[in-house]
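Observations on the model geometry
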Amino acid sequence: MEKFPGFPYSKPYSIQIDFMNALYTSLDLGGISMLESPTGTGKTLSIICSALQWLVDTKDKQKIQVSVESDNNNNNNRVVSEQCRSDDEPDWMKNFAVHKEDEASEKKDKVNRKLGFRSNKVDKGRKVANFTEIKGYKGDDGNVSKLGKKGGKVRNEEVELGDEEFLVEEYESGEEEIGMSKRKAGDVLISSSSDEDRDEDQSDDEEEKAGIKIYFCSRTHSQLSQFVKELRKTVFASTLKVVNLGSRKNLCINEEVLKLGNPGQINERCLELQKNKKGDVSKMKNLGTDGRVRRTKASCKCPMLRKRKQKNFKRGIKEQDPLDIEDLVHLGTKLGACPYYGSRSMVPGADLVILPYQSLLSKSSRESLGLNLKNNIVIIDEAHNLADSLISMYDSKVTSYQMEHVLSQLEMYIQRFCNMLGPGNRRYIQIMIVLARAFLQTLCKTSASDIDTLSLEDSSGSTALDSSMAINEFLFALNIDNINLVKLLEYIKESNIIHKVSGYGDKASSQKGSAVKGDGETVEQGSTLSCFRAFVGMLVALTNNNGDGRMIISRTRSTCSGKQVGYLKYVMLTGEKIFSEIVDQAHAVIMAGGTLQPVEETKERLFPSLPPDQFHFFSCGHIVPSENILPIAVSHGPSGQSFDFSYSCRGSSVMVEELGLLLCNLVTVIPEGIVVFFSSFDYEGQVYDAWKASGIVARITKKKRIFREPRKSTDVETVLKEYKETIEAVSCGNIKHDLTSYTGAILLAVVGGKISEGINFSDGMGRCIVMVGLPYPSPSDVELIERIKHIEGLGDVTSNQSSKYLADAEYCTGNAQAGFEILRSCKRRGREYYDNLCMKAVNQSIGRAIRHINDYAAILLVDSRYASGSSKRIFAHPTDKLPQWIKGRLISATGAYGDVHRELHQFFKLKKLKG
């Protein structure tokens, strides 16, 4: 305990000490570490006490080192001072003064650039910008305004703009260095906050740097809230500066913005409110004959972003212990200050930054938030599916509706401004129109003669409406391979064209008093700007290396429920380059979780080239005694029917009926709460409807109240609250009139849903976990099959016939049989990955039950494939991938259901006697 004095309890478990020591050592060594500790073993508290103790110790060492260096420098300066008492300044002092002046000049230029102004220094071949040279600028009278003349008076009145505020500035497309402005010399750069959402007051905190810091991220906000809750138990809560970051959707307190509901629309509206303008008309003012132009000073339209309120918010955070998302919202509401930007502004001075996956792992999010990973620590919790989570952040998708909207807006824009646009602008806008048409035509093709090179046929010979291909193949098929996408994206970024076009389109639509599209799809698809962002995101995706991902083409079709919108989607397949951007900057990257194995798969997908001495792995057992868990492989139901929930058999009425009979028996022997996990929402719905029709639901509700996981994640909390209250009422004997017959409750949940990914069912909430079948992902998922094909080929230096077949295999969405054929062709990594996806999901779900050393629960794996010797397998048996603390106690060979019932009866009877 001397090494970890911040641990809040008298004595940690031995496995916690081992975990904390392993983490501390890993932080010292640097590199990448994977630390595995089962759920319910106090992993979160161990991470906090070890990592933050290391941070404190490291900062103390740095302070001592700085103090020693300072003393040495002072001594050296004293000697130099005595030797240099002449009137002449020494060279080093002159150099120092020049250096400071250069620094000040650079800082000033940086601020000017941030505001959108050029440096006063004249670039080679460029003239100093002069406002009088803006072309086509009209005043209130409709004529070209002479806003500034040499030697003349400066007009200070504000000039309202008509449609010309949406006119993009002139653009040259020479061979200039990428990153330099292509606007003609003499034109003026006017910054727009709609493209960048950095905090205005970030510079206020630049002097407050915390030095080395720790970034802790997890998958969900509920997991981050749990981390904050544990942090508050330690001394670090009051000694370190902690900031919690979240999304706008979770932190926004502006009711007008929040009611939009859709995260994308909330983001766009938030950025719109930060523009320095009033109403829909931009205002500008000529500040002098030097040509410098700024937008008029107008207060931000969001009242939560006023500077005084933000300062009060920051002060409020500093005066309290670490706050979770709900606390930040409460504080922001109380002070009338924006929690989103208020918390962001605290990052530079923080020792510990708590944030969701997306904010840390996505490069664009890191840049937007201003996160600096250089020589800092990154801790990624719940890292069991890190590779897939990381890679999916770089997927890109655009729908046929969005492309229709983008195309119509571009055509309307060029029709309005064609005569006012320079040749550079016209050319690039026309290129965007060509691309939009090509994308849209691809999605709308339906006949075999139309599809040409994009056609894929299934086994019946019918043309597939969904297909996949490599980037280069896609570009050649659409005949857009001759377009320089890099230069086009540079133009889009430099010119601010998407904001000009969408702004004009929105204005035109509002003037007509009509919606963006008459069929009511705007609510689903988002704003005009979000449609353009999706389009640009796809262009960015197409600049990836050919082998980094695949293009999915899902064409528009008519279904029984109506027209199904088609889409283009780029699926990223490789994560090595993405993850290396984090690893190369950070001093250490820690991946923690309850079930991280198999480790080799993660290494191959994220850091295959990492030297062995830069990788560390640690795993520990569980704190719960072996007699407190009862895992059983249930191969037969009460009527003797063998359980088989494979893809082809799970929908049979016999199987659904047998599962219902099983639950009817379980509710009579298992006290308090039972959680049943199904493979999907669709299957859970199918089973529940069948049970309701057959009377099984009525039989179950005689003993336990039934709850079902809602598809809408926002409704989960309400269901869980009622589930918990029912169990507590029964357990405490405080039974209401309508609960008198109940012995507890049963919750029907879904693998991969919110309930399986971070909800703790400790004590009575989870006395039994029932896993129905092996929840393999659907083989009809084209994205999944593309990942499997890619992973199957990892590490192969020489191609073989099998991998070549996989790379060229034709596959179409909706054809599960084709997916099974590809899976059967996998000889190694691809099939192993598919099995791992299934068993990681199983382990995540069944690990929800045991949460502390005195907890106890039964775990029922309902499928004959879980039973030992159930079949001859080429690959590992499913139970081989169970956590060791469960596998060691698993009863895998049961005969009739009576054996299972007897085991359960004895287990809970013994616990009741001990309790």
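Residues numbered from 1 in each chain as written. Predicted model: local features only at pLDDT ≥ 70, side-chain atom pairs only at ≥ 80, totals over all residues. Heavy atoms only, no water.

The name recorded for the protein in an unreviewed UniProt entry is DNA helicase, from Heracleum sosnowskyi. Looking at the Subcellular location (unreviewed entry) heading of the UniProt record, one finds this comment for the protein: "Nucleus". Under the heading Sequence similarities (unreviewed entry), UniProt records this for the protein: "Belongs to the DEAD box helicase family. DEAH subfamily. DDX11/CHL1 sub-subfamily." (UniProt positions renumbered as here; feature names shortened; annotations may be inferred.)

Some words on the overall build of the protein
Helix and strand counts for the protein stand at 34 helices and 22 strands. Across the 915 residues of the protein, 51% fall into the buried class. A fraction of 79% describes how many contacts in the protein between residues 6 or more apart in sequence connect residues 24 or more apart. Surface accessibility of the protein: about 43100 Å² in total, with carbon and sulfur atoms responsible for 49%. (Helix = DSSP H or I, 4+ residues; strand = E, 2+ residues; numbered from the N terminus. Buried < 20%, exposed > 50% of the residue type's maximum accessible area, 1.4 Å probe, protein only. Contact = heavy atoms within 4.5 Å. Areas by Shrake-Rupley, 256 points an atom, 1.4 Å probe, with all protein chains shown as cover.)

Digging into the pattern of salt bridges
Evaluation of the coordinates by the stated rule reveals 32 salt bridges. Of the charged contacts, one joins D855 and R767 as a salt bridge, the two residues approaching to 3.3 Å between their closest N and O atoms. Pair noted here: D855 is in the loop between α32 (829-846) and β22 (857-862) and R767 is in the loop between β20 (744-750) and β21 (768-772), with a separation of 88 residues, a long-range link. Among the salt bridges present, the one from R865 reaches D863, with a minimum N-O distance of 2.9 Å. Judged by relative accessible area, which is 0%, D863 ranks as buried. A single salt-bridge network, built from bridges that share partners, covers D388, E601, R605, R787 and K840. (Salt bridge = Lys/Arg side-chain N within 4 Å of Asp/Glu carboxyl O.)

Some words on the packing of aromatic side chains
All chains considered together, the criterion is met by 24 aromatic pairs. A centroid spacing of 6.3 Å and a plane angle of 75° characterise the contact between Y413 and Y504, whose relative ring orientation is edge-to-face. In this pair, Y413 is assigned in helix α15 (residues 400-417) and Y504 in helix α20 (residues 497-512), connecting sequence segments 91 residues apart. The same class applies to Y413 and to Y504, which are both buried. Centroid distance F707 to Y723: 5.9 Å. Interplanar angle 85°. Geometry classified as edge-to-face. You can see F707 sitting in strand β19 (residues 704-708) and its partner Y723 sitting in helix α28 (residues 716-732), a full 16 residues away along the chain. Site record: aromatic cluster; members linked through ring pairs are F166, Y413, F417 and Y504. (Phe/Tyr/Trp six-rings, centres within 6.5 Å; stacked < 30°, edge-to-face > 60°.)

Quick word on the sheet that holds strand β1 (residues 31-36)
Pairing is parallel across the open sheet formed by seven strands, whose spatial order is β4-β7-β3-β8-β15-β1-β16. Two strands lie at the open edges of the sheet, namely β4 (242-244) and β16 (615-619), each paired on one side alone. Neighbour-to-neighbour, the strand axes of the sheet open up by a mean angle of 15°, direction not taken into account. Bridge count for strand β3 (residues 214-218) against strand β7 (residues 352-356) is five bridges, and the pairing is parallel. Residue pairing for β7: S218 is matched across the bridge by P356. Against the sheet, helix α23 (residues 576-583) engages β1, β8 (377-380) and β15 (588-593), with an angle of about 115° to β15. On the sheet, helix α24 (residues 599-606) packs against β1, β15 and β16 and is oriented at approximately 155° with respect to β16. (Pairing = 2+ DSSP bridges. Axes fitted to C-alpha atoms, helices over the stretch in contact; angles between N-to-C directions.)

Thoughts on the sheet that holds β19
On the basis of which strands lie adjacent, the open sheet formed by six strands has the order β17-β22-β21-β18-β20-β19 and parallel pairing. Each having just a single partner strand, β17 (629-634) and β19 make up the two edges of the open sheet. Between one strand axis and the next, the sheet turns through 15° on average, direction left out of account. Across the sheet, helix α25 (residues 653-669) touches β18 (672-678), β19, β20, β21 and β22, and the angle it forms with β18 is around 165°. Packing of helix α34 (residues 897-914) onto the sheet brings it into contact with β17 and β22, and relative to β17 it is tilted by some 170°.

Thoughts on unusual backbone geometry
Looking along the chain, the bond that leaves Q597 and enters P598 is cis, with omega of 5°. Mapped onto the secondary structure, P598 falls in the loop between β15 and α24. With a phi angle near 60°, N479 is a residue other than glycine that sits in the positive phi range. In this structure, N479 sits in the loop between α18 (471-477) and α19 (485-495). Given a relative accessible area of 61%, N479 falls into the exposed group. The backbone phi angle of N496 is positive, close to 65°, even though this residue is not glycine. Relative to the assigned elements, N496 resides in the loop between α19 and α20.

Re the pairing of β7
With five of five residues buried, β7 lies mostly within the body of the structure. Here β7 shows a buried face lined by L352, I354 and P356 and a second buried face lined by V353 and L355. In this sheet, β7 lies alongside β4 in parallel orientation, the contact comprising three bridges. Its bridge partner lying in β7, V242 is registered against L352.

What to know about the environment of N665
As for its placement among the helices and strands, N665 is situated in helix α25. From its side chain, N665 meets the backbone oxygen of L661 in a polar contact 2.8 Å long. (Polar contact = N/O pair within 3.5 Å; in protein donor to acceptor, adjacent residues only side chain to side chain.)

A word on the nonpolar core
The biggest cluster of nonpolar side chains holds 113 residues, and the ones touching the most others in it are I380, Y413, F439, F474, I492, I497 and F579. Tallying contributions element by element places helix α16 (residues 423-444) first for this core, with 10 residues. Not counting the four nearest positions on each side in its chain, Y413 is found in contact with F166, L167, V168, L421, I429, I497, K500, V501 and Y504. One finds V675, V716, V751 and M765 within the second-largest nonpolar core, a separate group that totals 49 residues. (Core = buried A, V, L, I, M, F, W, Y, C linked by side-chain atoms within 4.5 Å.)

A few points about the packing of helix α29 (residues 782-792) against α32
Following both chains from N to C, one finds α29 and α32 inclined at 130°, their axes separated by 7 Å at the closest point. With respect to α32, the element α29 is oriented oblique. Seen from α29, the contacting residues are L784, R787, I788, I791 and E792; seen from α32, they are R829, G830, R831, Y833, Y834 and L837. (Parallel < 35°, antiparallel > 145°, perpendicular 65-115°, else oblique.)

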